[in-house]
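Single-letter residue listing:
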Amino acid sequence: MDNFIVSARKYRPSTFKSVVGQASITTTLKNAIKSNHLAQAYLFCGPRGVGKTTCARIFAKTINCINLDDNTEPCNTCESCNSFNENRSYNIHELDAASNNSVEDIRNLIEQVRIPPQVGKYSIYIIDEVHMLSSQAFNAFLKTLEEPPAHAIFILATTEKHKIIPTILSRCQIFDFNRIRIDDTVEYLEYISKNENITYEIEGLNIIAQKADGAMRDALSIFDQVVSFSGSEITYQKVIDNLNVLDYDYYFRIVDSFLKNNISDNLLIFNEIIDKGFDAHHFINGLSEHLRNLLVSRDNSTLQLLEVGAVIRERYKEQANICSPDFIFEALQISNKCDISYRLSKNKRLHVELALIELCNITTEKKKPDLVESKNREKEVFPKAEKPKETKKDSSSNVSRDNTVKKHQPSIQIGKPSEFGSFSIKEKLTQTQVSNHNVKKAESKSDENEVVMNNNFTQEDLVAAWTKFSDTTSDRPRVFNTLTSKKPQLGQNTTVSFVVENKAQKNMMDEIRNELLGNLKRLLQNTNIKLQLTMNESKSEGNKLYTTEDRFKHLLSKNENLALLKQEFNLDIE
Ligand SMILES: [Zn+2]
């Protein structure tokens with residue numbers, strides 16, 4: 001281990017075969033070489049660290065190799081290959097456009113392009129980060145790219161394809177490099193570990209691959225970092241300690257406690273995480289990721305989106321099976337909401353704790369809130385736990401929970417004790433209870449502040465709420481008149497029907513639909529309310545005419561001369 005060479009350098013692939021995770025690209029390049037259909041300019045696009053420059057170098061080596069093997073791979077023994085491998089080949093020229101982006105730099109390159117190679121057939125010019133070239137440099141380069149000498153091949157590499165001007169794009173054969181899949185990265189790290197006599201736990205390598213986020217170069221340097229920290233033994237625990245990664249286990253435990261509505265456990269786990277020095281925001285992001293993973297684990301077809309090792313995958317499947325989709329959706333919304341508003345919150349810890357409490361309450365049975373009482377309270381602190389069943393209340397656990405909270409967060413006040421005491425804790429929710437529990441989805445998913453309410457209400461309540469909202473629209477006469485022209489009717493499944501007289505009214509109702517629904521839901525404490533508009537088809541004489549156009553048409557039907565009048569005087573309907 002003393003002379004451990006940086007893996008990124010030592011294990012840089014020297015053949016197409018050893019390039020990880022870009023099989024379709026290497027195959028295409030090899031075919032081009034085999035059939036001698038070489039383009040004069042290539043553009044390699046893709047995220048950093050996925051093998052663009054490596055592929056360019058192998059490509060350069062391969063087209064100059066004098067005895068390619070049957071698989072169109074360089075022999076790595078001929079003089080040309082050796083000179084490439086020892087970085088002394090004159091047939092390859094690399095320009096890093098990030099630091100050499102002036103016209104002068106490009107002119108120097110163009111000068112070189114004219115000179116044919118002394119040995120080998122082709123000179124290869126690799127321009128890395130080509131999007132960094134100044135526009136004058138681009139223009140200077142364009143001419144050479146249009147009519148390059150036969151021996152020159154350009155490989156332009158960029159992480160930002162959209163910044164390349166179309167005239168360049170159109171002259172290049174474009175290859176899009178993918179992020180390297182976690183499985184592929186892990187496999188390669190395994191190969192290196194075996195070669196270096198390093199023992200490893202596959203879950204540890206998996207964490208390294210995840211942290212690298214699709215870039216092999218990063219994976220190798222993280223791997224080196226872990227090896228220098230933990231010696232010739234890579235364990236899951238050592239990796240998460242070294243990389244400051246939050247253990248999966250925390251998330252599994254925390255979701256378990258959501259399902260059991262166990263607030264105290266939850267706050268304790270969160271406290272443990274904070275004590276370990278993890279950032280609360282980092283934790284919330286990880287929680288969202290975990291919930292997302294649970295979601296994709298529910299379905300075999302999306303299971304492939306789960307980029308974790310086999311052991312963890314089984315755990316995900318197991319936990320996903322006891323979570324209903326509704327639970328996961330709602331939990332995702334809550335954690336996402338917490339993430340978005342995190343920066344704005346003054347007390348970050350409390351902010352996360354409130355979200356955790358909300359998450360614990362998802363599967364609590366929802367009680368009908370007292371309409372009268374809730375009408376007086378526009379905003380509930382914890383709407384979902386508003387009226388827990390007395391029988392569900394476990395007084396002993398309430399006491400202990402209060403104590404633990406106080407013990408562990410002495411500096412933080414989480415609401416008044418009375419608010420705290422109103423949470424119901426259900427000790428055990430069986431699997432079926434959890435999955436059968438129908439968490440009603442809010443109609444508007446886009447409203448991230450929406451909480452699910454399921455209050456029963458009567459026709460009278462509806463009319464009262466409708467009137468209350470109508471009153472707020474008195475500064476918009478058309479809206480006000482329409483809303484007050486008829487009474488809404490409460491139908492099946494909290495559907496509110498309302499009759500409109502004409503298209504104009506319908507359009508206007510559609511415009512205020514969200515506003516109206518939002519108010520009705522809030523006032524009636526029920527987020528399932530739907531609005532159904534029906535047009536009054538029978539256009540009887542007594543119909544009210546709302547738009548001026550309608551009125552004009554109505555008058556026109558009585559006196560055709562009106563049209564003539566309108567035309568003669570070039571009148572507009574006002
Ligand atoms: Zn060779």
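Along its length, the chain carries 26 helices and ten strands. In the chain, which comprises 574 residues, the share counted as buried stands at 34%. Taking the intrachain contacts of the chain between residues at least 6 apart in sequence as the baseline, contacts between residues at least 24 apart amount to 74%.

Viewed as axis vectors pointing N to C, helix 12 (residues 248-259) and helix 15 (residues 310-322) meet at an angle of 10°, and their least axial separation amounts to 11 Å. Judged by the inter-axis angle, helix 12 sits roughly parallel to helix 15. From helix 12, Tyr248, Phe252, Val255 and Leu259 reach across to helix 15, where they touch Ile312, Arg315, Gln319 and Ile322.

A separate point is the pairing of strand 1 (residues 41-45). With four of five residues buried, strand 1 is to be regarded as a mostly interior element. The pairing of strand 1 with strand 4 (residues 152-158) spans five bridges and is parallel. Note that in strand 4 the partner of Leu43 across the bridge is Leu156. When strand 1 meets strand 5 (residues 173-176), the two strands line up parallel, connected through four bridges. Bridging across to strand 5, Tyr42 finds its partner in Gln173.

Taken in spatial order, the five strands line up as 2-3-4-1-5 in an open sheet, and their pairing is parallel. The open sheet has two free edges, formed respectively by strand 2 (92-96) and strand 5, since each of these has just one partner strand. Looking at each pair of strands side by side, their axes are set apart by 15° on average, direction ignored. Across the sheet, helix 5 (residues 103-114) touches strand 2, strand 3 (123-128) and strand 4, and the angle it forms with strand 2 is around 170°.

This part is about the environment of Arg179. Mapped onto the secondary structure, Arg179 falls in the loop between strand 5 and helix 8 (182-195). Sequence spacing of Arg179 and Ala215 is 36 residues, and the spatial spacing of their C-alpha atoms is 6.4 Å. With sequence-adjacent residues up to four places away left out, Arg179 is seen in contact with Pro47, Val50 and Gly214.

Time to look at the confidence of the model for the chain. Atomic detail in the predicted coordinates should be set aside for any region of low pLDDT. With 81% of its residues at a pLDDT of at least 70, the chain reaches an overall mean of 79. Mean pLDDT values for the elements of the chain range from 38 in helix 20 (residues 417-421) up to 95 in strand 1. Here residues 367-450 scores under 50 on pLDDT; set against residues more than four positions off or in separate chains, the count is 112 contacts.

Below, the discussion takes up the environment of Phe258. Looking at where Phe258 falls in the secondary structure, it is placed in helix 12. Residue class for Phe258 comes out buried when judged on the 26 C-beta atoms lying within 10 Å of it. Considered as a pair, Phe258 and Leu359 are 101 residues apart in the sequence and their alpha carbons are 6.0 Å apart. Residues contacting Phe258, with those up to four places away along its chain left out, are Ala331, Leu359, Cys360 and Ile362.

This next bit is on helix 17 (residues 348-360). Since the α-helix turns once every 3.6 residues, residues separated by three or four places project in the same direction. Compared with an ideal rise of 1.5 Å per residue, which puts 13 residues at 18 Å, helix 17 spans 19 Å between its outermost C-alpha atoms and is within 8% of the ideal. On its buried face, helix 17 is in contact with helix 12, helix 13 (263-275), helix 14 (280-297) and helix 16 (325-341).

The biggest cluster of nonpolar side chains holds 67 residues, and the ones touching the most others in it are Phe44, Ile127, Ile155, Leu156, Ile208 and Ala219. Each of domain 1 (22-176) and domain 2 (182-243) accounts for three or more of the residues forming this core. Filtering out sequence-adjacent residues up to four positions away, Ile155 remains in contact with Tyr42, Phe44, Ala56, Phe59, Ile124 and Ile126. Judged by nonpolar contacts, the second largest core, of 33 residues, contains Leu259, Ile273, Ala320 and Cys323.

What follows deals with the sheet that holds strand 9 (residues 495-500). Strand order in the open sheet formed by three strands is 8-9-10, and the pairing between neighbours is mixed. Because the sheet does not close on itself, it has two edges, and the strands there are strand 8 (489-490) and strand 10 (530-535). Sheet topology places strand 8 next to strand 9; two bridges connect them, and they run antiparallel. From the neighbouring strand, Leu490 faces strand 9, where its bridge partner is Val496. Here helix 24 (residues 503-524) sits on the sheet in contact with strand 9 and strand 10, set at roughly 160° to strand 10.

Of note, the phi angle at Asp213 is positive, near 55°, even though the residue is not glycine. If you trace the backbone, Asp213 turns up in the loop between helix 9 (202-212) and helix 10 (216-230). Residue class for Asp213 comes out partly exposed when judged on the 14 C-beta atoms lying within 10 Å of it. Positive phi values are uncommon outside glycine, yet Gln525 reaches one of about 55°. Mapping Gln525 onto the fold places it in the loop between helix 24 and strand 10. On the basis of neighbour count, Gln525 is assigned to the buried category, with 25 C-beta atoms found within 10 Å.

Each value, and the rule that gives it
- Residues take numbers from 1 onward in each chain, read along the sequence in its written order.
- Given that the model is predicted, a residue must reach a pLDDT of at least 70 before its local features are reported, and side-chain atom pairs must reach 80 or more before they are shown or counted; all residues, however, enter totals for whole chains, interfaces and linings.
- Runs of H or I in DSSP of at least four residues are treated as helices and runs of E of at least two as strands, each being numbered from the N terminus.
- Counting other C-beta atoms within 10 Å of its own, a residue is labelled buried from 20 upward, exposed at 12 or fewer, and partly exposed in the gap between, with every C-beta atom placed from the backbone.
- Residues are treated as contacting if the C-beta atoms built from their backbones sit within 7 Å of each other.
- The axes used here are C-alpha line fits, helices contributing only the stretch in contact, and every angle between their N-to-C directions lies in the interval 0 to 180 degrees.
- In what follows, roughly perpendicular refers to angles from 65 to 115 degrees, roughly parallel to angles under 35, roughly antiparallel to angles over 145, and oblique to any angle outside these ranges.
- Only strands joined by at least two bridges in the DSSP assignment are considered to pair.
- Confidence of the predictor in every single residue is expressed as pLDDT, which spans 0 to 100.
- In this analysis, the expected span of each helix is defined as 1.5 Å times one less than the number of residues it contains.
- What we call a nonpolar core is a set of buried Ala, Val, Leu, Ile, Met, Phe, Trp, Tyr and Cys residues whose membership is set by joining through C-beta atoms within 7 Å.
- The start and end points of each domain follow an automatic or database-based domain assignment.

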